[in-house]
Amino acid sequence: MAQYETVIGLEVHIELKTRSKVFCDSTTEFGGDPNTHVCPVCLGLPGTLPVVNKTVVEYAIRAALAINCSIAEFSKFDRKNYYYPDMPKNYQISQYDLPIALGGYLDIELDGDTRRVGITRLHMEEDTGKLVHQGTITTTPFSLVDYNRAGVPLIEIVSEPDMRSPEEARRYLEKLKAIIQYTGVSDCKMEEGSLRCDANISLRPVSSTELGTKTEIKNLNSFRALQRALSYEIERQTKVLGEGGRIVQETRTWDEGKGITLPLRSKEFAHDYRYFPDPDLVPMIIDREWVEDIRSSLPELPDDRRQRYIGEYGLPEYDATILTDTKELADYFEDCVNAYPNPKVVSNWVMGDLTRLLNSGAVDITECSIGPEQLALLLQLMDKGTISGKIAKAVFEEMFATGKDPEVIVRDKGLVQISDEGAIVAIVDEILAGNPKSVEDFRAGKEKALGFLVGQVMKATKGKANPDLVNRLLKEKLQ
Amino acid sequence: MIISERDVEQLAFLSRLDLTAEDKIAYTKSLNAILDYLDMLNRLDTDTVEPAAHVLPLKNILREDKLQPSLDKEQALANAPEEEEGAFKVPRIV
């Protein structure tokens, strides 16, 4: 069977976090009752004129600079014409041949390697309204249209077909999301639709340099959906090509429940948008000084922060990559390090227990009930020997669940570590008397038996005995 | 003839226009006449002329990112042929 290489490119739409819409002064606020965030301009009423929101242009430039694009000297808006009621004007204002930015890249880390993914362009456009169908999409006689989202500013970022696997595509999207979040121009919440992704994918024989026929996959609402849909599509296209068939260039939709992609009827997307310059909007000539002002106001981006964590904090690359993946997690981590200046210890807690609890409760780091100072207090209790590492984990879970301070939990639950030698000796004697077989085993040279006996003492003290002390006392008694 | 009757049919479909057989013949003729005229313009030497993105000598018309209150719902939906639950009700498209 022929060996194929996978070629993937992504088109990512990101909603910008401006107060007002891109061409009018209606609010961009998410949600709201249908058609309550609208005005004559975004409803496309006759006689109205769009005027570009300056902050949209600024944010687009900011995002473009963060992904190493060149900012156009001259840029304009065009009309993309199509008949679908998600836009009341029968066209969407977008940018066609003269987008605000061209030619960038970002670097992704995968299995210890760094790969560069090219970015073709970044352009500005308006978001569309939302259609709600009664019943299923094929049986409903009517659709209900809500124009609250129509006119919310978007940037579309188109990558080069540089990705070779679903994992790489996922990593690219994660990295892009992180970078854009760092710039502060968008929340990039996939679940609220403020970051959306379409994927183009084709296969070609391994030795070939020509691109094969591609399909475009829509309705990818999560990183997982992206990766699964691409894996499915590789399988499907491999099968078609393996049987001597041909790939049909088409738009397909991802069915999350069934785990398959399905063709969208081609009539829905008559790909003849008859773009032309929007005569209602005048061209933009982008002042270089403005661009440089924006460039100098960019914050530290994920790659630089990662390098700093490795250089300044001495963290392993793996830790540094994960911790800087989102700005929120990195900010949290740094606040913790400021309160407890041992980066590796903090990293272990944040990447280990904290991440596990956040994931299992689907809690966002910004809503974490354990503040950085509280984590520092817990680590100090361990350092002072007030509690053992094992108890600390239990206290940590309790802190996560209740938001209480560690001292309060330790005091209320009587978890203070037993470091009183006399108290432990008594328990050690008891355990030794109760387990003659293990004692014999240890004396016969079975080191493992010691571990068992330590475990018994810890159990008898509900984990509160100072483990170092238990070890030392047991060894002394067994000599 | 640059534009065929089939092109006119396609254009009519994309523009949601219902054309009679006579319409199609007439529009094919007039659209071709327009393109013939453009052909004439193409014979001009425009090497030293910058492409125009707009007919007015204006650029960079931008507004500050400020909010105004939304229309109230009744006003927003005043022109809706039909409405339901505060939304515009339209025939299913797909």
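Residues numbered from 1 in each chain as written. Chains lettered and ligands numbered in written order. Predicted model: local features only at pLDDT ≥ 70, side-chain atom pairs only at ≥ 80, totals over all residues. Heavy atoms only, no water.

> Describe the overall build of chain B, listing the residues and the values that go with them.
Helix and strand counts for chain B come out as 3 helices and 3 strands. Each helix and strand of chain B, placed in order from N terminus to C terminus, yields the pattern α-α-β-α-β-β. Over its C-alpha trace chain B gives a radius of gyration of 22 Å, far above what one expects of a compact globule, namely 12 Å for 94 residues. Projected onto its principal axes, the C-alpha positions of chain B cover 55 × 45 × 20 Å. Relative to its 94 residues, chain B shows a buried fraction of 22%. (Helix = DSSP H or I, 4+ residues; strand = E, 2+ residues; numbered from the N terminus. Rg over C-alpha atoms; globule rule 2.2 N^0.38 Å. Buried < 20%, exposed > 50% of the residue type's maximum accessible area, 1.4 Å probe, protein only.)

> Kindly report on the overall build of chain A, identifying the contributing residues and their values.
The number of helices and strands found in chain A is 15 helices and 17 strands. Expected size for 479 residues packed as a compact globule is a radius of gyration near 23 Å; at 29 Å, chain A overshoots this value by more than 25%. The principal-axis extents of the C-alpha atoms in chain A amount to approximately 90 × 55 × 50 Å. Here chain A displays about 22100 Å² of accessible surface, and carbon together with sulfur accounts for 51% of that area. Within chain A, one finds 58 positive and 75 negative side-chain charges whose respective centroids are separated by 4 Å. (Areas by Shrake-Rupley, 256 points an atom, 1.4 Å probe, with all protein chains shown as cover. Lys, Arg positive; Asp, Glu negative; His and termini not counted. Charge placed at Lys NZ, Arg CZ, Asp CG, Glu CD.)

> Residues and numbers for the nonpolar core, please.
Counting residues in hydrophobic clusters, the biggest one holds 102 residues, and the most contacted among them are Leu-10, Ile-61, Leu-122, Ile-157 and Tyr-172 of chain A. Discounting chain neighbours no more than four positions away, the residues touching Ile-157 of chain A are Leu-10, Glu-11, Val-12, Ile-14, Ile-67, Ile-119, Arg-121, Leu-122, Tyr-172, Leu-176 and Ile-180 of chain A. (Core = buried A, V, L, I, M, F, W, Y, C linked by side-chain atoms within 4.5 Å. Contact = heavy atoms within 4.5 Å.)

> Residue-level account of helix H8 (residues 343–360) of chain A, with values.
Helical geometry note: an α-helix holds 3.6 residues per turn, so side chains three or four residues apart project in the same direction. Residue and element names in this part refer to chain A. A rise of 1.5 Å per residue sets the reference length of H8, with its 18 residues, at 26 Å; its end C-alpha atoms lie 24 Å apart and thus fit the reference within 8%. Of all the bends in H8, the greatest, near 35°, is centred on Leu-354. All buried positions along H8 are accounted for by Pro-343, Val-346, Ser-347, Trp-349, Val-350, Asp-353, Leu-354, Leu-357 and Leu-358. In this structure, the buried side of H8 is in contact with helix H6 (317–323), helix H7 (327–339), helix H9 (372–383) and helix H10 (389–402). At the exit of H8 stands Ala-362, carrying a positive phi of roughly 50°. (Expected span 1.5 Å × (residues − 1). Bend = angle between axes of the 7 residues up to and from the residue.)

> Describe the packing of helix H5 (residues 302–311) of chain A against H7 of chain A, and please don't skip the residues or the numbers.
All names here are of chain A. Between H5 and H7, whose axes approach to 12 Å, the crossing angle comes to 30°. The orientation of H5 with respect to H7, classified from their angle, is roughly parallel. Like other packed secondary-structure pairs, H5 and H7 cross with a definite hand, here left-handed. Touching Arg-305, Arg-308 and Tyr-309 of H5 are Lys-327, Ala-330, Asp-331, Phe-333 and Glu-334, all from H7. Each residue belonging to the contact of H5 with H7 can be placed in one class, and the counts come to 3 nonpolar, no polar and 5 charged. (Axes fitted to C-alpha atoms, helices over the stretch in contact; angles between N-to-C directions. Parallel < 35°, antiparallel > 145°, perpendicular 65-115°, else oblique. Left-handed = near helix turned anticlockwise from the far one by under 90°. Nonpolar A, V, L, I, M, F, W, Y, C, P; charged D, E, K, R; others polar.)

> Account for the packing of aromatic side chains, with residues named and values stated.
Residue and element names in this part refer to chain A. A full pass over the atoms with the stated rule returns 9 aromatic pairs over all chains. Pairing Tyr-313 with Phe-333 gives two aromatic rings, centres 5.9 Å apart and planes at 70°, and the pair type is edge-to-face. Note that Tyr-313 is positioned in the loop between H5 and H6 and Phe-333 in helix H7, a separation of 20 residues in sequence. Above the plane of the ring of Trp-290 lies Lys-54, whose end atom (NZ or CZ) is 5.8 Å from the centre. One residue, Lys-393, lies across the ring of Trp-349, its end atom 5.3 Å from the ring centre. (Phe/Tyr/Trp six-rings, centres within 6.5 Å; stacked < 30°, edge-to-face > 60°. Lys NZ or Arg CZ within 6 Å of the ring centre and 35° of its normal.)

> Account for the side chain of Arg-62 of chain A, with residues named and values stated.
Residues and elements named next belong to chain A. Its place among the elements puts Arg-62 in helix H1 (residues 54–66). Glu-58 provides the closest opposite charge to the buried, salt-bridge-free Arg-62, at an N-O distance of 5.5 Å. Within the structure, the side chain of Arg-62 is placed 2.8 Å from the backbone oxygen of Thr-183, a separation counted as a polar contact. Each residue touching Arg-62, except ones within four places of it in the same chain, is listed here: Thr-183, Val-185, Ile-294, Ser-297, Leu-298 and Pro-299. (Salt bridge = Lys/Arg side-chain N within 4 Å of Asp/Glu carboxyl O. Polar contact = N/O pair within 3.5 Å; in protein donor to acceptor, adjacent residues only side chain to side chain.)

> Tell me what's going on with the interface of chain B and chain A, and back it up with residues and numbers.
In this assembly, 37 residues from chain B lie in contact with 55 residues from chain A. Roughly 4000 Å² is buried in total at the junction of chain B and chain A, and carbon and sulfur atoms are behind 62% of that figure. At the boundary of chain B with chain A, the tally comes to 0 salt bridges. Taken together, chain B and chain A are joined by 21 residue pairs in polar contact (both at pLDDT 80 or more). For the side of chain B that touches chain A, the secondary-structure elements that each account for two or more residues are helix H1 (5–14), strand S1 (62–63), helix H3 (73–76) and strand S3 (87–91) of chain B. Residue contributions to the side of chain B that touches chain A peak at 5 residues, all from S3 of chain B. In terms of residue class, the side of chain B that touches chain A is made up of 17 nonpolar, 8 polar and 12 charged. (Buried area = accessible area lost by both parts, 1.4 Å probe.)

> Go over the domain arrangement of chain A with me, naming the residues and quoting the values.
Taken domain by domain, chain A comprises domain 1 (4–292) and domain 2 (421–478). When each unit is reduced to the centre of its C-alpha atoms, the spacing between domain 1 of chain A and domain 2 of chain A is 64 Å. (Domains from an automatic or database assignment.)

> So what about the pattern of salt bridges? Which residues, and what values?
Any two side chains of opposite charge can pair if their charged atoms end up close together. Residues and elements named next belong to chain A. Evaluation of the coordinates by the stated rule reveals 51 salt bridges over all chains. A salt bridge links Asp-107 to Arg-116; the shortest N-O distance between them is 2.8 Å. Salt-bridge contacts for Arg-356 lead to Glu-397; the nearest nitrogen and oxygen are separated by 3.3 Å. A residue pair is termed long-range when its members are at least 10 positions apart, and Arg-356 in helix H8 and Glu-397 in helix H10 qualify at 41 residues. Residue classification places Glu-397 among the partly exposed positions, given a relative accessible area of 39%.

> Run through the sheet that holds strand S16 (residues 276–277) of chain A, naming residues and quoting values.
All names here are of chain A. Spatial strand order, S6-S5-S16: 3 strands in an open sheet with antiparallel pairing. Edge positions in the open sheet fall to strand S6 (91–94) and S16, since each of these has one partner strand only. Two elements, strand S5 (residues 78–81) and S16, share 2 bridges in a ladder whose sense is antiparallel. What sits directly across from Asp-78, in S16, is Pro-277. (Pairing = 2+ DSSP bridges.)

> Run through the sheet that holds strand S10 (residues 142–146) of chain A, naming residues and quoting values.
Hydrogen bonding along the main chain pairs the strands of a sheet, whether they run parallel or antiparallel. Spatially, 4 strands are ordered S9(A)-S10(A)-S3(B)-S2(B) in an open sheet, and the strand pairing comes out antiparallel. Two strands in the sheet have a free side with no partner beyond their single neighbour: strand S9 (130–133) of chain A together with strand S2 (83–84) of chain B. Pairing analysis gives 4 bridges linking S10 of chain A to S3 of chain B, with the strands arranged antiparallel. Among the inter-strand pairings, Val-145 of chain A is bridged to a residue of S3 of chain B, identified as Phe-88 of chain B.

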